[in-house]
Amino acid sequence: MTSLLARRLLQLIPTLVILSMIIFSLQHLLPGDPALMLAGENPSEEMIAAIRAQYHLDQPIPVQYLFWVKGVLAGDLGMSMRHNLPVLDLILLKLPVTLQLSVMGIAVAMVLGISGGIISALRPNTAVDYSANVVSLAGISVPNFWLGILLILFFSVNLGWLPASGYVSPFKDLRMNLATTIMPAFVLGTAIAGIIMRHTRAAMLQALESDYVRTARAKGLSEWKVVFKHAMRNALTPIITLGALEFGTLLGGAVLTEQIFTIPGFGKLIVDAVFTRDYPVVQGVVLVTAVFYILLNLLADIGYILVNPRLRG
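Throughout, a residue's number is its position along its own chain's written sequence, starting from 1. Given that the model is predicted, a residue must reach a pLDDT of at least 70 before its local features are reported, and side-chain atom pairs must reach 80 or more before they are shown or counted; all residues, however, enter totals for whole chains, interfaces and linings. With hydrogens and water set aside, each side-chain value is computed from the structure's full complement of heavy atoms.

Draft legend 1. Expanded view of the packing of aromatic side chains. Stacked, tilted and edge-to-face pairs are distinguished by plane angle, under 30 degrees for stacked and over 60 for edge-to-face with tilted covering the rest, among Phe, Tyr and Trp rings (Trp via its six-membered ring) whose centres lie within 6.5 Å. This structure, assessed with the given rule, holds 3 aromatic pairs. Relative to Trp161, the ring of Phe155 has its centre 6.1 Å away and its plane inclined at 45 degrees; by these criteria the two rings are tilted. Type-normalised accessible area, obtained with a 1.4 Å probe on protein chains alone, sets the label of each residue: buried when under 20%, exposed when over 50%, and partly exposed for intermediate values. On the basis of relative accessible area, Phe155 is assigned to the partly exposed category, the value being 24%. Put simply, the rings of Phe154, Phe155 and Trp161 pair up and form one aromatic cluster.

Draft legend 2. Structural context of the environment of His199. Here a strand is any run of E in DSSP of at least two residues, a helix any run of H or I of at least four, and the numbering for each starts at the N terminus. As for its placement among the helices and strands, His199 is situated in helix 8 (residues 174-208). Distance from His199 to Ile239, taken between C-alpha atoms, is 7.0 Å for residues 40 residues apart in sequence. Look past the residues within four positions of His199 in its chain and what remains in contact with it is Ile239 and Leu242. The criterion used for residue contact is that any of the two residues' heavy atoms lie within 4.5 Å.

Draft legend 3. Just the nonpolar core, in detail. Ile196 and Met204 are the most contacted members of the largest nonpolar core, which has 38 residues in total. Secondary-structure elements contributing two or more residues to this core are helix 5 (87-122), helix 7 (144-158), helix 8, helix 9 (211-218), helix 10 (223-253) and helix 13 (279-307). The residues touching Ile196, leaving out its near neighbours within four places in the chain, are Ala109, Met110, Gly113, Ile114, Ile239 and Leu242. Among the nonpolar cores identified, the runner-up in size contains 19 residues, and Ile23, Val87, Leu95 and Phe266 belong to it. Nonpolar cores are built from buried Ala, Val, Leu, Ile, Met, Phe, Trp, Tyr and Cys residues. Side-chain atoms within 4.5 Å join them into one set.

Draft legend 4. Seen up close, the side chain of Thr180. With respect to the element layout, Thr180 can be found in helix 8. By relative accessible area, which is 5% here, Thr180 ends up buried. Here a polar contact is taken to be a pair of N or O atoms separated by no more than 3.5 Å, where protein atoms must pair a possible hydrogen donor with a possible acceptor and residues adjacent in sequence count only if both atoms sit in side chains. Here Asn177 takes part through its backbone oxygen, which lies 2.9 Å from a polar atom of the side chain of Thr180. Leaving out residues up to four positions away in the same chain, Thr180 has contacts with Pro163, Gly166, Tyr167, Val168 and Ile263.

Draft legend 5. Inspection of unusual backbone geometry at higher detail. Positive phi, close to 60 degrees, is recorded for Asn125, a residue that is not glycine. Mapped onto the secondary structure, Asn125 falls in the loop between helix 5 and helix 6 (127-141). The phi dihedral of Thr262 is positive, around 50 degrees, even though this residue is not glycine. Inspection of the secondary structure assignment puts Thr262 in the loop between helix 11 (255-260) and helix 12 (266-275). Given a relative accessible area of 47%, Thr262 falls into the partly exposed group.

Draft legend 6. A look at the layout of surface pockets. A cavity here means a set of points on a 1 Å grid, drawn over the protein atoms and nothing else, where a 1.4 Å probe fits but cannot get out; a pocket is an open set with protein on both sides within 12 Å along at least five of seven lines, and a residue lines either one if it has an atom within 4 Å of a point. Grid points are joined across faces, edges and corners, and a volume is the space filled by probe spheres set on the points. What the largest pocket holds in volume is close to 410 Å³. Around the largest pocket sit 19 residues that line it, and Tyr55, His56, Gly78, Met79 and Pro280 are the ones nearest its centre. Secondary structure elements with two or more residues in the lining of the largest pocket: helix 4 (61-73) and helix 13. Looking at the lining of the largest pocket, the element that brings in the most residues is helix 4, giving 4 residues. There is about 330 Å³ of room inside the second largest pocket. What lines the second largest pocket is a set of 14 residues, and nearest its centre among them are Leu16, Val72, Leu73, Leu287 and Val291. Under the grouping applied here, Gly and all other residues not named as nonpolar or charged are polar, the nonpolar ones being Ala, Val, Leu, Ile, Met, Phe, Trp, Tyr, Cys and Pro and the charged ones Asp, Glu, Lys and Arg. Across the lining of the second largest pocket, the residue classes tally to 13 nonpolar, 1 polar and no charged.

Draft legend 7. The arrangement of the packing of helix 5 against helix 8 in detail. Between N-to-C directions, angles span 0 to 180 degrees; the directions come from axes that are lines fitted to C-alpha atoms, helices contributing only their stretch in contact. Taken N-terminus to C-terminus, the directions of helix 5 and helix 8 make an angle of 35 degrees; their axes are 4 Å apart at the nearest point. Here helix 5 runs over helix 8; the crossing is right-handed. Of the residues assigned to the contact of helix 5 with helix 8, the class counts are 24 nonpolar, 10 polar and 1 charged. Left-handed is the label given to a crossing in which the near helix is rotated counterclockwise from the far helix by less than a right angle, and right-handed is the label when the rotation is clockwise.

Right, dumping it as structure tokens:
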């Protein structure tokens, strides 16, 4: 296990280097001049030149990249051109919000997806199986923004049970925090729940038809032990991979949901940064999201080993 982790950590170095180059290069393909946008209306040439010099925009792109990498290695992601604040401070302010939404969303997805997949696999080609597949397909097909608007109309406008938008920190008011995040978390989790349900069903059907499950049943073990101790343990491997990847997707892709529910997370931060050509913020947010993806893949590898002891050699 130690050698596997060492190999994975060594692979992170070239991955992060290539990733940083891609992030920096693609950012500069966006149209528009950030110096002109920062200078405001009717700027002088001296003001534009000063802004370019301040943010190294007057340097060649390779030189700008080296300045950025040097800062990243020192823990400095640069200064926001729009907010005039350190990018790291903005990320640390917004990250907990999106992280909470992502954790709640993946929890919803795992509970609904795994339980639905198991039930569907235990009753194949029955009304229960068909119903579960229809529900999962609906969850995958329904757009997040449409489902979010429907939930707001039903639970906030018609019933008045939940606030339609906004965010309250759990350290200020835990009850209001859950009230403001439960709907967006459900919206984020439903689409992923459908995907997890279908993968769980397929993995469980394969596991239930395997020889070790038939042997366990022949020994007289209860169906509960056969399903959850033997079949489910082996079927978890693809679910771990999928869960890790989808959790990374939630961290970086909750843009529309955060916009609909007016939640000040990563989504709103990066949308505003793209529109204002705030290069340091876009680069910082994308880099942090990519690092999370890589770390989640590493955690998935560790999860394989914990679930499947045969991989510990």
